[in-house]
4 protein chains.
Amino acid sequence: MTQPRPIIIGVMGGGSVGETERLSAYHLGKLIAENGWVLLNGGRDTGIMDASAKGAKAGGGMTVGILPDSDLQETSSHIDIPILTGMGSARNCINVLSSNIVVACPGGFGTLSEIALAMKYGKPVILLNFKAGEVLDPFMKSGQLFFHKTPEGVITRIKNLLDGL
Amino acid sequence: MTQPRPIIIGVMGGGSVGETERLSAYHLGKLIAENGWVLLNGGRDTGIMDASAKGAKAGGGMTVGILPDSDLQETSSHIDIPILTGMGSARNCINVLSSNIVVACPGGFGTLSEIALAMKYGKPVILLNFKAGEVLDPFMKSGQLFFHKTPEGVITRIKNLLDGL
Amino acid sequence: MTQPRPIIIGVMGGGSVGETERLSAYHLGKLIAENGWVLLNGGRDTGIMDASAKGAKAGGGMTVGILPDSDLQETSSHIDIPILTGMGSARNCINVLSSNIVVACPGGFGTLSEIALAMKYGKPVILLNFKAGEVLDPFMKSGQLFFHKTPEGVITRIKNLLDGL
Amino acid sequence: MTQPRPIIIGVMGGGSVGETERLSAYHLGKLIAENGWVLLNGGRDTGIMDASAKGAKAGGGMTVGILPDSDLQETSSHIDIPILTGMGSARNCINVLSSNIVVACPGGFGTLSEIALAMKYGKPVILLNFKAGEVLDPFMKSGQLFFHKTPEGVITRIKNLLDGL
């Protein structure tokens, strides 16, 4: 008999972030792995992508990267399965479609586009210190969008969401 | 000798909007056409897409639609050149890459993703009554992002931007 | 009342071809334009793409290019409407979906992929001296795939097909 | 220290094939898994896709499916990691870009497009009883394209190719 598929948690976030954000993403990735979930992100060797993948590997997990590139030159060494799309930011759509739940760490307009696409596609979205303000606040009570200040808070939220999926 | 290419103005906005927003988009489309620019949008037969294309045709212009679909069933009858992508919201990226300037009318998360992608790709973005608040406000002084309340204001802004492109 | 949309003829073919193939593509593009059809191709400034667009402009027509690139650097100067996809050869799918009829001039594996995708999507395909042999021959009697040796033959075939669409 | 990434073998082939082809694909998938390689395919629950994934799971391996769909309804139950692209056959490009080596089992025009794209992108391509004839034969001596009649022959070829990659 085929086993049930692993849960895929998408972790979005900027390629250029500070050390605090990197540490938080590393910790989040580690907790995701320790819970037996697969980590999926944008796959590059910088920022939230690299840090969250590194954490997931430290936690003994599996990592999938959906790269905007057509070769591996800028792929994080912590990505097990690099999916090379060669389609730039149009791959953001694949990131959110392929994730059971999307977590948005601090980032710029790429991350904002992923939050927007995830909301549009009906995916649960958890903001980990991503502050969007007026444009997202009205959706905080929708049951689709959540805000947490710590990786631990995100993990508890994911567990609650998975109970209901 | 080959003539210079026409300017392409991308008009983004929601598929489900009120009559006020439709009228504004119609008027914007008409003014775009009357200025000799090509109107590009998401191509569907609803909301801002349909209204802006209808306006552009009333103004004697040409309209290009970048459809998420792989057939013409939901294409606006006011689109001259339907580009069928068959790739859903991943086509939002093509919308902004193919536009010289992006105008965002009121809309939902699809429109927000297009604003975000346009900002990421360095395109000038003009908000026509699209209120984003905290997440976009810091960029209002960047020279890349603008807010206007009327189609006429948008057109004046486009002219100023084209002088500088 | 909205006018009927123009017919879009997709012209596929290699980026590196000989002078005979360029001349044939130029002539084909010119005839497409003189018949009032829009020419759509891959948009680049080389080979069949550049030559067919040049011909279409000489014939007074309109040209649409679906570029693999995210900027205009390699776009043919004979393309009126450049659609920048930024998605490499994944854009081949858009080329065939957006064309009413696909014509394949001589080319390499990119062109072969477009023939295959067009056949898969049920589009009429006309080979203009593209020799595929065993893999395509069985479909020559299907009513979907045709072979012609001259641009004039292709044009006659398009007219027959349009009568039946 | 980060471990080296697993080798990804892409297995392409038709959604509608006979029992002989299914058995061959099952056997190929099993051998791929037993050699410690990841199997990547188009992810659907039919034909070569389903059979090769089933074989890989029987061999204790991991399976990645690049789906044309935006939901899991038609995903093979033997796929561990479904990547939902929502972009139809434009995802064929991702299949070949993400594979270290591409194996083409019997199939139709979708499979032919993947062979063509893989050749274009410089990937090694092994035909397992996919007969293409005139259009591919000239490349059989290029060192990029190979033909084998059995899964065992394909596996030996992959090993030889991996020695040289």
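The text that follows walks through the structure, step by step, so that each part is easy to find.

**Focus: helix α4 (residues 109-120) of chain D**
All names here are of chain D. In this model α4 runs 16 Å from its N-terminal to its C-terminal C-alpha over 12 residues, within 8% of the 16 Å that 1.5 Å per residue would give. Across the 12 residues that make up α4, a large majority, 11, are buried. When we look at burial in α4, the residues that qualify are F109, G110, T111, L112, S113, E114, I115, A116, L117, A118 and M119. G122 lies just past α4 and shows a positive phi near 80°.

**Description of the interface of chain A and chain D**
At the junction of the two partners, chain A supplies 27 residues and chain D supplies 27 residues. Regarding the contact of chain A and chain D, the summed buried area is about 2,100 Å², with carbon and sulfur atoms giving 67% of it. Counting across the chain A and chain D interface gives 0 salt bridges. Inspection of the region where chain A meets chain D yields 6 residue pairs in polar contact (both at pLDDT 80 or more). Among the secondary structure elements, those contributing two or more residues to the side of chain A that touches chain D are β2 (38-41), β3 (63-67), β4 (81-84) and α3 (92-97) of chain A. At 4 residues, β4(A) tops the list of elements feeding residues into the side of chain A that touches chain D.

**Here we look at the sheet that holds strand β5 (residues 101-104) of chain A**
Residue and element names in this part refer to chain A. One open sheet accounts for 7 strands, arranged β4-β3-β2-β1-β5-β6-β7; its pairing is parallel. Every interior strand has two partners, whereas the edge strands, β4 and β7 (145-148), have only one. In this sheet, neighbouring strand axes are inclined to one another by 20° on average, regardless of whether the strands run parallel or antiparallel. Across the sheet, helix α2 (residues 47-58) is in contact with β1 (8-12), β2 and β3; its angle to β2 comes to roughly 170°. Contacting β1, β5, β6 (125-128) and β7, helix α5 (residues 151-164) runs over the sheet at an angle of about 170° to β6.

**With respect to the interface of chain C and chain D**
Taken together, the 22 residues of chain C in the interface contact 22 residues of chain D. When the area that chain C buries against chain D is broken down by residue, the three leading residues are C:S89, C:F109 and C:V135, summing to 33%. Applying the counting criterion to the chain C and chain D interface returns 0 salt bridges. Linking chain C with chain D are 2 residue pairs in polar contact (both at pLDDT 80 or more), by the criterion used here. The set of elements that each furnish at least two residues to the side of chain C that touches chain D consists of α3 (92-97) and α4 (109-120) of chain C. Among the elements that make up the side of chain C that touches chain D, the one with the highest residue count is α4(C) (8 residues). Residue classes in the side of chain C that touches chain D are distributed as 13 nonpolar, 6 polar and 3 charged.

**Notes on the relation of the copies chain A and chain D**
For these two chains of identical sequence, chain A goes onto chain D by a turn of 180° and a shift of 0.0 Å along the axis, with RMSD 0.0 Å. Between the two chains, the operation in question is that of a two-fold axis. For chain A, the smallest separation between a C-alpha atom and the rotation axis is recorded for A:I83, amounting to 4.4 Å. Mapped onto chain D, 100% of the interface residues of chain A are again interface residues, and the two copies thus contact each other with one and the same surface.

**What to know about the packing of helix α1 (residues 19-34) of chain D against helix α2 (residues 47-58) of chain D**
Residues and elements named next belong to chain D. For the pair α1 and α2, the least separation of the axes is 6 Å and the interaxial angle reads 40°. It follows from the interaxial angle that α1 and α2 lie oblique. When the axes of α1 and α2 are compared, the crossing they make is right-handed. Within the contact between the two elements, α1 uses E21, R22, A25, Y26, G29, K30 and A33 and α2 uses G47, I48, D50, A51, S52, K54, G55, A56 and A58. Grouping the amino acids of the contact of α1 with α2 by side-chain chemistry returns 7 nonpolar, 4 polar and 5 charged.

**Topic: the sheet that holds strand β2 (residues 38-41) of chain B**
Strand-to-strand pairing in sheets goes through backbone hydrogen bonds, with the strands running parallel or antiparallel. Residues and elements named next belong to chain B. Across the sheet, which stays open at both edges, the 7 strands sit in the order β4-β3-β2-β1-β5-β6-β7 with parallel pairing between neighbours. Either end of the sheet is taken by a strand with one partner, and the two such strands are β4 (81-84) and β7 (145-148). Strand-to-strand, the axes of this sheet are offset by a mean angle of 20°, without reference to chain direction. Direction of pairing for strand β3 (residues 63-67) relative to β4: parallel, over a ladder of 4 bridges. Within β4, the residue paired with L67 across the bridge is L84. Across the sheet, helix α5 (residues 151-164) is in contact with β1 (8-12), β5 (101-104), β6 (125-128) and β7; its angle to β6 comes to roughly 170°.

Rules and cut-offs
Residues numbered from 1 in each chain as written. Chains lettered and ligands numbered in written order. Predicted model: local features only at pLDDT ≥ 70, side-chain atom pairs only at ≥ 80, totals over all residues. Heavy atoms only, no water. Helix = DSSP H or I, 4+ residues; strand = E, 2+ residues; numbered from the N terminus. Expected span 1.5 Å × (residues − 1). Buried < 20%, exposed > 50% of the residue type's maximum accessible area, 1.4 Å probe, protein only. Contact = heavy atoms within 4.5 Å. Buried area = accessible area lost by both parts, 1.4 Å probe. Salt bridge = Lys/Arg side-chain N within 4 Å of Asp/Glu carboxyl O. Polar contact = N/O pair within 3.5 Å; in protein donor to acceptor, adjacent residues only side chain to side chain. Pairing = 2+ DSSP bridges. Axes fitted to C-alpha atoms, helices over the stretch in contact; angles between N-to-C directions. Nonpolar A, V, L, I, M, F, W, Y, C, P; charged D, E, K, R; others polar. Least-squares fit on C-alpha atoms with pLDDT ≥ 70 in both. Parallel < 35°, antiparallel > 145°, perpendicular 65-115°, else oblique. Left-handed = near helix turned anticlockwise from the far one by under 90°.

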